[in-house]
Amino acid sequence: MAVDVDLTVTAGNYRFDGASFAVDTNIWLIGDEHEVLIVDAGFDATSIEAAVDGRDVVGIVCTHAHNDHADAALTLADATGAPVLLHPDDAKLWARVNPGRLPDAELADRQVLTVAGTSVLVLHTPGHTAGSVCLYLPDEGVLFSGDTLLSGGPGMTGDVLSSRSTLLESIHRSLLVLPDETVVHPGHGYDTDLGTERSEPWATAVKGSP
Ligand SMILES: [Fe+2]
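Residues numbered from 1 in each chain as written. Predicted model: local features only at pLDDT ≥ 70, side-chain atom pairs only at ≥ 80, totals over all residues. Heavy atoms only, no water.

S.K.: For the pairing of strand S2 (residues 19–31), give the residues involved together with the corresponding values.
M.R.: Of the strand pairs in this sheet, strand S1 (residues 4–16) and S2 are connected by 13 bridges, and their pairing is antiparallel. Bridged to Thr10 within S2 is Thr25. Hairpin remark: S1 followed by S2, antiparallel, with 2 residues in the connecting loop; positive phi at Asp17, about 50 degrees. Connecting the antiparallel pair S2 and strand S3 (residues 35–39) is a turn made up of 3 residues. (Pairing = 2+ DSSP bridges. Helix = DSSP H or I, 4+ residues; strand = E, 2+ residues; numbered from the N terminus.)

As structure tokens, then:
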């Protein structure tokens, strides 16, 4: 692999609709010894900054604006000087979590970011939230899936702004078309790969749906 992928796990409470659940969130750093792209910024900017270890931060991508992925983004941005990047369809969620200050730039489907000489393709995958994105590194065969796809199946869609049918459609259209050997780094829990997920019953149901 031409780039390094580092994992930092942060812990806190995911909150929605007045409820609160303790969760661990995977924070991914993509890069080399000089620069990194941070994927998600939940709960603990200090530990994420420690993982950066003085490298230049080219951007902080929030895969979506749930608080467990985005509530430390602005503190981390101020600490590193890096811009926060979010898909605009999550603007409403973002305003709940980080009121009074917008992200620095908007992500778009098929946009290409670059870090450490590697291309990072933005895939807009609505469903878990309207503005959820995944990041695909074609040269590395790696996918950062946020809460769109976890090990064992799609992310949850219990929030009022989520849609299970839209999530399944996104996974089918944008993720299951990628190679089987693609390694999946999710927003929570363990890594998986697309070949494994493709063979799961839920994915077969996706294939058979209209
Ligand atoms: Fe989420």
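S.K.: How would you sum up the coordination of the iron ion? Please name residues and give values.
M.R.: For a metal bound by four donors in a tetrahedral arrangement, the ideal donor-metal-donor angle is 109.5 degrees, while six donors in an octahedral arrangement ideally sit at 90 or 180 degrees. The protein atoms that coordinate the iron ion are His64 (NE2), His66 (ND1), His128 (NE2) and Asp147 (OD), at distances spanning 2.2 to 2.3 Å. Taken together, the 4 donor atoms coordinating the iron ion and their angles of 86 to 173 degrees define a geometry best described as irregular. Considered as a linear motif, the donors of the iron ion on their single chain read H-x1-H-x61-H-x18-D. In this pair, His66 is assigned in the loop between strand S4 (56–61) and helix H2 (67–70) and Asp147 in the loop between strand S10 (142–146) and strand S11 (149–150), connecting sequence segments 81 residues apart. The two residues His66 and Asp147 agree in class, both being buried. (Donors = N, O, S within 2.8 Å, 3.2 Å for Na, K, Ca; no water. Tetrahedral: all angles 85-135°; square planar, octahedral: opposite > 155°, others 65-115°. Buried < 20%, exposed > 50% of the residue type's maximum accessible area, 1.4 Å probe, protein only.)

S.K.: Now, about the sheet that holds strand S9 (residues 133–137): what can you tell me, with residues and values included?
M.R.: With mixed pairing, 6 strands are arranged side by side in an open sheet as S7-S8-S9-S10-S13-S14. With partners counted over all chains shown, the strands left at the sheet margins are strand S7 (112–115) and strand S14 (192–193), one partner each. Each of strand S8 (118–124), S9 and S10 touches helix H5 (residues 164–175); the most contacted strand, S8, lies at about 145 degrees to it. (Contact = heavy atoms within 4.5 Å. Axes fitted to C-alpha atoms, helices over the stretch in contact; angles between N-to-C directions.)

S.K.: Account for the sheet that holds S1, naming residues and giving values.
M.R.: Spatial ordering of the open sheet is given by S1-S2-S3-S4-S5-S6, a layout of 6 strands whose pairing is mixed. Strands with a single pairing partner mark the edges of an open sheet, and in this sheet they are S1 and strand S6 (105–106). Across 2 bridges, the pairing between strand S5 (residues 84–86) and S6 is parallel. Residue Leu86 lies in a different strand from S6, and its bridge partner there is Glu106. Its contacts with the sheet place helix H1 (residues 45–52) against S1, S2, S3 and S4, and it is angled at close to 175 degrees to S1. Relative to S4, helix H3 (residues 73–80) is tilted by about 165 degrees, and along the sheet it contacts S3, S4 and S5.

S.K.: Break down the packing of aromatic side chains for me, with residues and values.
M.R.: Going through the model one piece at a time under the given rule, you end up with 3 aromatic pairs. Among the aromatic residues, ring-to-ring pairing joins Tyr14, Phe16 and Phe21 into one connected group. (Phe/Tyr/Trp six-rings, centres within 6.5 Å; stacked < 30°, edge-to-face > 60°.)

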